[in-house]
Every structure is written in structure tokens, then in C-alpha cells.
Amino acid sequence: CIVNTHLAPHYENLDQRIADYNTIVDGQYFWSNKKPNILSHDYVLWMGDLNFRIDELTGDEIHDIIVKAAQTSGGSNCDNNKYKRLLDEDQLNRVRLEGRAFSEFTETAPTFAPTYKFFVNTDEYDYKSRKPAFTDRILYRFTANAYENTTLDLQQLNYTSHPQYKQSDHKPVSALFHLKTRQLVLQSIRKKRRVGCLGPTRVARDVEDSSDQNSGAEDNTVDIDRQIHVTFRPISDWRVNRDAIAWFTITPNDDSAVDTIAPWDCSTNFVS
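Keep in mind that what you see is a predicted model, and the values were worked out from it rather than measured.

A. Quick peek at the sheet that holds strand β1 (residues 2–6). Here three strands make up an open sheet; going across it, the order is β1-β2-β3 and the pairing mixed. Across the chains shown, the open sheet's two edge strands, defined by having one partner strand only, are β1 and β3 (136–142). Direction aside, the axes of adjacent strands within the sheet are offset by 15 degrees on average. Strand direction decides the pairing type here: β1 and strand β2 (residues 43–49), joined by five bridges, are parallel. Bridging across to β2, I2 finds its partner in L45.

Shown next, in the form of C-alpha cells:
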């Protein structure tokens, strides 16, 4: 389950952010007896502009910490302690520890600078308007022992910000995860699938076992054991409140792979 939310803005609205979270968790239901709500899913990724701010510290104190961190690390995101003082005063970390919101989730401690608030089209913080804060976050949870004879697992491989994007007063963040799925799912996906071209007219349809399944038909199959990589091309002209087409490359990991470029919104043409 992937949840993307924009919680209540402004420093003083912490209680409303907490209420937003609990309203979503308590009120979101799915048409499934096995997974009726968000927290019942095997894996949950929760991301977005969560809007949690930094308490206690002044804007000048935050400025000094950010400047010192940049000087000591050369802009690298590999130092786990350079923003510790900011994270100790971070509202999200506090409410998680207090059990008021997101206590069911885990977050790898950010090693990047606060992602808000910047002057648009710059890398300069707007200190006069807002204190910098880690408003943009990605959290996760999983139920390791949800099934008999299978132990689920999730490892976070990366968590970073992307300061090269300047079209917003936020800097976007991304995370990379490696997760384990059930053997039953792998067996199901290993069934032959008839797949058309990768692109705007892509068609993917499960092929049931039958006596005439391969009668005169070309055997186009996908082997789940061959990893498929999807690489997104950066959006060069991204504007707030306007949809943009994200181009991507799909590369099956085999000798005959041919990269295919297609607009991301081609997924609306998939036939299941």
C-alpha cells in the first residue's frame, strides 16, 4: 500500500497534522477482507509533504547548523550525524516517539538538508518567511510474520533529496527499497504472460493453461527471475499545479534487451 499525503501546513498546526494522520488511518478502507485498511497491508510506504517542522531552535540556529554541515561534508549526504540536532527537535520524530502519529512506521534518519522552504528557482532558504524544516518524508512499515512459512523483509537502500530541482519552494526526496515477496506471488507471476510492445499500446494479459494455448501463437513470455529495471528521465520543465509527462526507460535484464522510451501516462492504456 502506497500512501501519498499533504498534511496541514504551518508551524502552529501540529495538532491538525496529527489529526490528519489518524483520520486517514482510521477512515481509509479497502474492498478486501484480508487487507481492509492501510495498516493491514504487508508493506506500506507513506510519503509526501507531511509538513512537520523543527521546534525550539531559531531560524538563525538552524541556519548555522545547515551551513556547518555543508562545510564539513562538502554537500555529501553520507554523514549520519550532521543534522542530528535538527532531527532531535523534529516534530515528526517527537510525535512518533510519543505514539501520537506515525508510531507504526519507521524512517531512516535523513542525512540530507531540510527540504523546505526555498526561494523558487534557487538553492537559497527563505529564512524570513519560514524556518527550514524536513517537511518532505518517506516512511515505511511491513509485517514480517504475516504468513506461515514466509518471512517478509524490507531493506532501505537509499534516502536522499534532489536539490537540483528548483521549480518549487520544496526539494523533492526519494527512497529506494528492496523487499521480499511471498513465494506464492512469484509462482503466480511465473505463469506465462502474453506481452505486447513496451510503450503506449502495451498489453499484458495472463495466459491460462489450455490445450490450444500455443496453437500457432508466438510464445512471448516474461520470466520473473530476470529483473526489469525502470529508469525515469528527469523532467526538465516541471511546474507547480500542472501535470507533466514523465518519460522512462524499461530495460529487461537479458542479452536481447532493447530500451523503450514511452510517456508514463501510457499506463492508462494497459489491458489486464
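B. Representation of the pairing of β1. Every second residue of β1 is oriented toward a common face, the buried set being V3 and T5 and the non-buried set I2, N4 and H6. You can see the chain leave β1, run along helix α1 (residues 14–27) and come back into β2, and the turn it takes is right-handed.

C. Examining the pattern of salt bridges more closely. All told, the structure shown has 11 salt bridges when counted by the stated rule. The closest approach of N and O atoms between K84 and D88, which form a salt bridge, is 2.9 Å. You can see K84 and its partner D88 sitting in helix α3 (residues 84–88), four residues apart, about one turn around the helix. Owing to a relative accessible area of 44%, D88 belongs among the partly exposed residues under this scheme. The closest approach of N and O atoms between E89 and R94, which form a salt bridge, is 2.3 Å. Using a relative accessible area of 26% as the deciding quantity, one classes R94 as partly exposed. Salt bridges linked by common partners bring D55, E56, E89 and R94 together as one network.

D. View of the packing of aromatic side chains. The final tally for this structure, using the stated rule, is 13 aromatic pairs. Seen from their ring centres, Y43 and F142 are 6.0 Å apart, and the 25 degrees between their planes marks the pair as stacked. Here F142 lies in strand β3 and Y43 lies in strand β2, a separation of 99 residues in the sequence. Note on F142: relative accessible area 27%, which makes it partly exposed. Measuring from ring centre to ring centre gives 5.6 Å for Y125 and Y127, while their planes differ by 55 degrees; the resulting arrangement is tilted. Accessibility expressed as a relative area gives 29% for Y127, which makes it partly exposed. Here a set of aromatic residues connected by ring pairs shows up, and it is made of Y21, W46, F52, F102 and F105. Directly above the aromatic system of F52 lies the positively charged group of R17, at a separation of 5.6 Å from the ring centroid.

Calculation notes
- Residues numbered from 1 in each chain as written.
- Predicted model: local features only at pLDDT ≥ 70, side-chain atom pairs only at ≥ 80, totals over all residues.
- Heavy atoms only, no water.
- Pairing = 2+ DSSP bridges.
- Helix = DSSP H or I, 4+ residues; strand = E, 2+ residues; numbered from the N terminus.
- Axes fitted to C-alpha atoms, helices over the stretch in contact; angles between N-to-C directions.
- Buried < 20%, exposed > 50% of the residue type's maximum accessible area, 1.4 Å probe, protein only.
- Right-handed = clockwise from strand over helix to strand, strands pointing away.
- Salt bridge = Lys/Arg side-chain N within 4 Å of Asp/Glu carboxyl O.
- Phe/Tyr/Trp six-rings, centres within 6.5 Å; stacked < 30°, edge-to-face > 60°.
- Lys NZ or Arg CZ within 6 Å of the ring centre and 35° of its normal.

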